[in-house]
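Descriptive analysis of the structure
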Amino acid sequence: MDKNELLKMVSKLEDRVLVSRLLDKIEQCRYSSFAYSDFLSPYEASVSKKILDRVKEVFYKLTGGYDGAERVITVISNDFIEEDIPYSTPISLLRISPVTENKLSHRDYLGSLLGLGIKREKIGDILVSEKCTDVFVIDKIAEYISYNLDKIGNTKVHCELCDIYQFTPPQKKVRSINTTVASLRADSVASSGFGLSRTKVMDYFKAQKVNVNWELVQSPSKMLTEGDVISIRGMGRIVLEKVLGNTRKDRISIIIKRFE
């Protein structure tokens, strides 16, 4: 493993810090069976995957505590990781239930957790529902949260640790959109996928609220390919699932999946 060559694969300073930490975790595997990262954003996970795919002497798995998690940790081992064999991961599931009826948002929960002095990288997905909210956290802080978190804003809450292996992931709302676009530019696909005018989409680009494959993109002319993910802050995300080819009017027929 040539560390310098791996570090050259990324150019941003924050990405180089991420890769450096990842290489330290790989080094830990020489002395223990497994090594774990903190929670990674989808973009950080994609960078980690790109690096780990180049390292031949280790095996890895990305997991957020349940199938389909957005924020994940990297599990690294010098032995093969069986997909169908449960193994210990440092993730706990914390269920937070308001004592009185109150509509609390994702931002409310995250703000209160950070208010306890917890770093963002120790917190995974926060799944808000009507009756309770499930939060995936690094297990070392789970009990600390359960003992110290008694309010979200002005709303009293009850916390309990749950069995992560009995968790049922929520059904995500996905809509398939068959449409045509003039080109595979990011602004054109985003306009069709989110049902927005090109002018409104341009406003989101100017406000730096558009990500492609979890990375901030400022150029609306960026060309997309199948599988690319576009997210707009506050609007959700879409996936360019399939490019079907040109129509008789020389437009491009595509299928977009929209997650709401």
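Our subject is the structure listed above.
Residues numbered from 1 in each chain as written. Predicted model: local features only at pLDDT ≥ 70, side-chain atom pairs only at ≥ 80, totals over all residues. Heavy atoms only, no water.

**Quick word on the pairing of strand E14 (residues 252-259)**
Each regular strand shows side chains that alternate between the opposite faces of the sheet. Judged by how many residues are buried, E14 sits mostly within the fold: six of eight residues are covered. Across eight bridges, strand E9 (residues 174-181) lies against E14 in antiparallel orientation. Looking across to E14, one finds that Asn178 is bridged to Ile255. Two elements, strand E13 (residues 236-246) and E14, share eight bridges in a ladder whose sense is antiparallel. (Buried < 20%, exposed > 50% of the residue type's maximum accessible area, 1.4 Å probe, protein only. Helix = DSSP H or I, 4+ residues; strand = E, 2+ residues; numbered from the N terminus. Pairing = 2+ DSSP bridges.)

**What to know about the packing of aromatic side chains**
Counting across every chain of the model gives four aromatic pairs. On the basis of an interplanar angle of 15 degrees and a centroid distance of 6.3 Å, the ring pair of Phe34 and Tyr36 is categorised as stacked. Here Tyr36 falls in the partly exposed class, since its relative accessible area comes to 23%. An aromatic cluster is built from Tyr66, Phe136 and Phe167, whose rings are joined through pairwise contacts. The ring of Phe259 has Arg237 lying over it, and the distance from NZ or CZ to the ring centre is 4.6 Å. (Phe/Tyr/Trp six-rings, centres within 6.5 Å; stacked < 30°, edge-to-face > 60°. Lys NZ or Arg CZ within 6 Å of the ring centre and 35° of its normal.)

**With respect to the environment of Tyr165**
As for its position among the elements, Tyr165 is in the loop between strand E8 (155-162) and E9. On the basis of relative accessible area, Tyr165 is assigned to the exposed category, the value being 58%. Residues Tyr165 and Ile96, spaced 69 residues apart in sequence, show a C-alpha to C-alpha distance of 18 Å.

**A closer look at the sheet that holds E13**
With respect to topology, six strands assemble into an open sheet ordered E9-E14-E13-E12-E10-E11, the strand pairing being antiparallel. Edge positions in the sheet fall to E9 and strand E11 (215-216), since each has one partner strand and no second.

**A look at the sheet that holds strand E3 (residues 73-77)**
Backbone-to-backbone hydrogen bonds join strands into a sheet, with any given pair of strands oriented parallel or antiparallel. The strand order E1-E3-E2 describes an open sheet built from three strands, whose pairing is antiparallel. In this open sheet, the two strands that pair with only one neighbour each are strand E1 (34-36) and strand E2 (59-63). Taken pair by pair, the neighbouring strands of this sheet meet at an average axis angle of 20 degrees, ignoring direction. Direction of pairing for E2 relative to E3: antiparallel, over a ladder of five bridges. (Axes fitted to C-alpha atoms, helices over the stretch in contact; angles between N-to-C directions.)

**Examining the packing of helix H2 (residues 13-28) against helix H3 (residues 42-52)**
As a packed pair, H2 and H3 sit with axes 10 Å apart at the nearest point and diverge in direction by 55 degrees. With respect to H3, the axis of H2 lies oblique. In the crossing of H2 with H3, the sense of the turn from one axis to the other is right-handed. Seen from H2, the contacting residues are Asp15, Leu18, Val19, Leu22 and Ile26; seen from H3, they are Tyr43, Glu44, Val47, Ser48, Ile51 and Leu52. (Parallel < 35°, antiparallel > 145°, perpendicular 65-115°, else oblique. Left-handed = near helix turned anticlockwise from the far one by under 90°. Contact = heavy atoms within 4.5 Å.)

**Some words on the packing of helix H6 (residues 186-194) against helix H7 (residues 198-206)**
Relative to each other, H6 and H7 sit at 115 degrees, their axes nearing to 9 Å. Handedness of the crossing formed by H6 with H7: right-handed. Contacts from Ala186, Asp187, Ser188, Ala190 and Ser191 in H6 reach Arg198, Val201, Met202 and Phe205 in H7.

**Comments concerning H7**
For H7, the full list of buried residues reads Val201, Tyr204 and Phe205. Looking straight down H7, one finds its buried side chains confined to an arc of 100 degrees; they lie on one side. When the buried face of H7 is taken as reference, the exposed residues oriented beyond 90 degrees from it are Thr199 and Lys206. Looking at the buried positions of H7, the neighbouring elements they touch are H6, strand E10 (210-212) and strand E12 (229-232). Gln208, located one to two residues past H7, shows a positive phi value of around 60 degrees. (Arc of directions from axis to C-beta.)

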